[in-house]
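The residues making up each chain are set out below.
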Amino acid sequence: MKLNRRHFLKTAGLSAAGILTSQLPFSSAEAVPRKPTTGQSVMGLIAPKMTTVRVGFIGVGQRGSGHVKHFCHLEGVDIKAICDTNAQVLDESIEFVTAQGLAKPARYTGSDHAYKDLLDRDDIDIVIISTPWEWHAPMAIHTMESGKHAFVEVPLALTVEECWQIVDTAERTQKNCMMMENVNYGRDELMVLNMVRQGLFGELLHGEAAYIHELRWQMKEIDSKTGSWRTYWHTKRNGNLYPTHGLGPVSQYMNINRGDRFDYLTSMSSPALGRALYAKREFPADHERNQLKYINGDINTSLIKTVKGRTIMVQHDTTTPRPYSRHNLIQGTNGVFAGFPNRIAIEQGGTGNYHKWDMDMAKWYAKYDHPLWIQMGEQAERNGGHGGMDFLMLWRMVYCLRNAEPLDQDVYDGAAWSVVNILSEESVNNRSNSVNFPDFTRGAWKTGKPLEIVGA
Ligand SMILES: NC(=O)c1ccc[n+]([C@@H]2O[C@H](COP(=O)([O-])OP(=O)(O)OC[C@H]3O[C@@H](n4cnc5c(N)ncnc54)[C@H](O)[C@@H]3O)[C@@H](O)[C@H]2O)c1
């Protein structure tokens, strides 16, 4: 079987856009001095209050269709338009909306750029972007340029330059660009944030984050769905392809961009063996999946040093056979919480024996459940989406927009958490030498206010 033509076209498109890493205009975060912004910082940005949040969706595949479903159950929203190049999934989402008794959203399809027609509308406030990674930055930038707030799936962008372009555009247009890191709204992550804020762990020292999720089976998605495009990233980049699910919560525990910031990173990748072995086992010898050269190390381990000297380990592994984990570990001078499975050991205020993990979480939930979860957790669990975190994130976005409050995650967070993808590749390719993080806040991290414990 010949190499998939669609893939070649896709790769050619990426290359033309300067997205392929070997063709990046520059490689180091430091190499390009950034021009001063022509806009103003959007840290703490409050958008004018919206009574009804009018929403458009771009990309309603496996992820985006879930967002559409949740929006059908949110108060104070109006689904105006949906775009997808795949007419089948597009129609399924439109039918879902009308089946709930809601007005039929306008339908955009027919080309990779049909989304621009959706963005031309003047009756949309926010756009939810759930497309393959290479589309995130161009779509987010166009969304803000067209006067709308952008809400983008993870990761936010794929090059340092794209991150800066998104930050510059947000500052110039004074629009929100939130990368929708849903894990920050998980019950456990919210509880740990609450524990951190109440000082349970003492002074924070170290965190561990991960995306360990065996996804080789996605390689069987050939013509549509996630594996039809995500598989190729394992042939293009060697680093941490998907850092934000684990790193987002740990960053909020540590007030990254709000009193501290990522300083530099060093990264190592294991050999890349698992995907080729899987292809050999699961596909005929002449299948395209057996002709690809998988270069992304099966396990990538990166270490981040913050300006305050704290350390974070971030791992990525979507290939090896092992149980799911995001680590979710936070260590302070008074103790530690770790996830997968949840456990805790505290010197002052725990069981009295910090040499042994306390695995009985019930009393900790009772004492430290986040007020947002106490208020909304039941509804979130009922609506579902990764245990309720997806619903809670979308509910909270709409709440902030309708009540003129700043969003919980801003463009600087999305850029800092996502850029680990790019910097890890650079470090891996350079004998793990350290790479500096750009300061996307342009110094505003020093005065940025920590995320409040809301909903109390
Ligand atoms: N936060 C989470 O928990 C989570 C979970 C899964 C996926 N994701 C993210 O969601 C995004 C989408 O992933 P997915 O699994 O839904 O993939 P998918 O392939 O199922 O869906 C992507 C959709 O985008 C459409 N699309 C592609 N190019 C388009 C274009 N130019 N214009 C309009 N539509 C276009 C495709 O037809 C497809 O329907 C990815 O960024 C992924 O990382 C996040």
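Everything below is about the structure shown above.
## A word on the overall build of the protein
Moving on, step 1. Helix and strand content of the protein: 14 helices and 14 strands.
Moving on, step 2. Here the C-alpha atoms of the protein give a radius of gyration of 22 Å, agreeing with the 23 Å that 2.2 N^0.38 yields for 456 residues.
Moving on, step 3. C-alpha extents for the protein along the principal axes are approximately 60 × 55 × 45 Å.
Moving on, step 4. Looking at the protein residue by residue over its 456 residues, the buried ones come to 58%.
Moving on, step 5. For the protein, the exposed surface amounts to about 18,700 Å²; the carbon and sulfur share of it is 51%.

## Digging into the packing of helix 5 (residues 136–145) against helix 6 (residues 160–173)
The relative placement of two packed helices is expressed as an angle between their axes plus a distance between the axes.
Moving on, step 1. Two elements in contact, helix 5 and helix 6, have axes whose closest approach is 9 Å; the angle formed by their N-to-C orientations is 10 degrees. Accordingly, the angle class assigned to the pair helix 5 and helix 6 is roughly parallel. For the pair formed by helix 5 and helix 6, the contact residues are Ala137, Pro138, Ile141, Met144 and Glu145 on the first element and Glu162, Gln165, Ile166, Thr169, Ala170, Arg172 and Thr173 on the second.
Moving on, step 2. For the contact of helix 5 with helix 6, the class distribution of residues is six nonpolar, three polar and three charged.

## Let's talk about the site of the ligand
Moving on, step 1. Arg63, Asp84, Val154, Thr226 and Trp229 are the nearest of the 27 residues found near the ligand.
Moving on, step 2. Here an oxygen atom of the ligand and a backbone polar atom of Gly61 are 3.5 Å apart.
Moving on, step 3. In this structure, an oxygen atom belonging to the ligand sits 2.9 Å away from a side-chain N or O atom of Trp133.
Moving on, step 4. When isolated, the ligand has an accessible area of 840 Å², and the protein chains bury 91% of it.
Moving on, step 5. Looking at the shell around the ligand, its residues break down into 10 nonpolar, 12 polar and five charged.

Each value, and the rule that gives it
Residues numbered from 1 in each chain as written. Predicted model: local features only at pLDDT ≥ 70, side-chain atom pairs only at ≥ 80, totals over all residues. Heavy atoms only, no water. Helix = DSSP H or I, 4+ residues; strand = E, 2+ residues; numbered from the N terminus. Rg over C-alpha atoms; globule rule 2.2 N^0.38 Å. Buried < 20%, exposed > 50% of the residue type's maximum accessible area, 1.4 Å probe, protein only. Areas by Shrake-Rupley, 256 points an atom, 1.4 Å probe, with all protein chains shown as cover. Axes fitted to C-alpha atoms, helices over the stretch in contact; angles between N-to-C directions. Parallel < 35°, antiparallel > 145°, perpendicular 65-115°, else oblique. Contact = heavy atoms within 4.5 Å. Nonpolar A, V, L, I, M, F, W, Y, C, P; charged D, E, K, R; others polar. Near = heavy atom within 4 Å. Polar contact = N/O pair within 3.5 Å; in protein donor to acceptor, adjacent residues only side chain to side chain.

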